[in-house]
Amino acid sequence: MAAMATAEACDSNAALLVSGDLRVLQPIFQIYGQPRVFSGPIVTVKVFEDNVFVRELLETRGEGRVLVIDGGGSMRCALVGGNLGQLAQNMGWSGIVVNGCIRDVDEINACDVGVRALASNPLKSNKKGIGEKHVPVYIAGTFIHDGEWLYADSDGILVSKSELSI
């Protein structure tokens with residue numbers, strides 16, 4: 001899909017915004033990773049201070065998808081680090097959105113994967129394998145469902161029930 005500016009997408013899809021089929025995430029995320037613009041179908045995971053399921057999903061073929069991680073907004077540890085950033089790049093993921101923290105910022109910034117997160121924290125997460133994959137999550141003021149589309153650029157993040165056309 002060609003890159004689409006989020007501002008342009010909002011301007012040209014007013015009816016979808018009114019209906020709720022297109023939603024704007026609250027501007028709470030920091031920008032990391034090489035690409036400042038990314039988009040793709042969403043895969044969701046819900047965890048809390050545990051990144052086992054995050055790794056499991058990133059070990060699958062990304063095929064241009066975006067992993068949306070609901071980490072409960074925890075600022076106490078990182079859910080994604082440099083190794084997972086590199087894994088996401090190698091497996092063909094377009095982006096990662098973390099409702100929580102990342103670490104190894106310089107390594108992630110060198111990866112060809114768009115990353116948005118609340119902040120960075122050097123402490124790694126637990127490895128207990130607790131969480132849920134492919135479930136609706138509530139992040140930054142909106143529900144996000146597996147299979148919806150995410151569009152991110154320097155202006156913000158949009159979630160759409162279906163793929164937007166330019």
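Cut-off values and rules
Residues numbered from 1 in each chain as written. Predicted model: local features only at pLDDT ≥ 70, side-chain atom pairs only at ≥ 80, totals over all residues. Heavy atoms only, no water. UniProt positions renumbered as here; feature names shortened; annotations may be inferred. Helix = DSSP H or I, 4+ residues; strand = E, 2+ residues; numbered from the N terminus. Contact = heavy atoms within 4.5 Å. Polar contact = N/O pair within 3.5 Å; in protein donor to acceptor, adjacent residues only side chain to side chain. Salt bridge = Lys/Arg side-chain N within 4 Å of Asp/Glu carboxyl O. Buried < 20%, exposed > 50% of the residue type's maximum accessible area, 1.4 Å probe, protein only.

Peer 1: Just to check I follow, could you spell out the UniProt feature "binding site: Mg(2+)" (unreviewed entry) in the protein for this structure?
Peer 2: In this structure's numbering, the residues bearing the UniProt feature "binding site: Mg(2+)" (unreviewed entry) are Asp104. One can find Asp104 in the loop between strand 6 (95–102) and helix 5 (105–109). Those residues in contact with Asp104, other than ones at most four positions away along the chain, are Gly81 and Gly82. Among the polar contacts listed, one links the side chain of Asp104 to the backbone nitrogen of Gly82, at a separation of 2.9 Å.

Peer 1: Any chance you could explain the pattern of salt bridges here in plain terms?
Peer 2: Two side chains of opposite charge can pair, provided their charged atoms sit close to one another. Counting across every chain of the model gives 7 salt bridges. Close ionic contact of Glu148 with Arg23 constitutes a salt bridge, the shortest N to O distance being 2.8 Å. With Glu148 in the loop between strand 10 (142–144) and strand 11 (149–153) and Arg23 in strand 1 (residues 22–24), the pair connects residues that are 125 residues apart, well separated along the chain. Residue Glu148 is classed as buried on the basis of its relative accessible area of 5%. Given a relative accessible area of 13%, Arg23 falls into the buried group.

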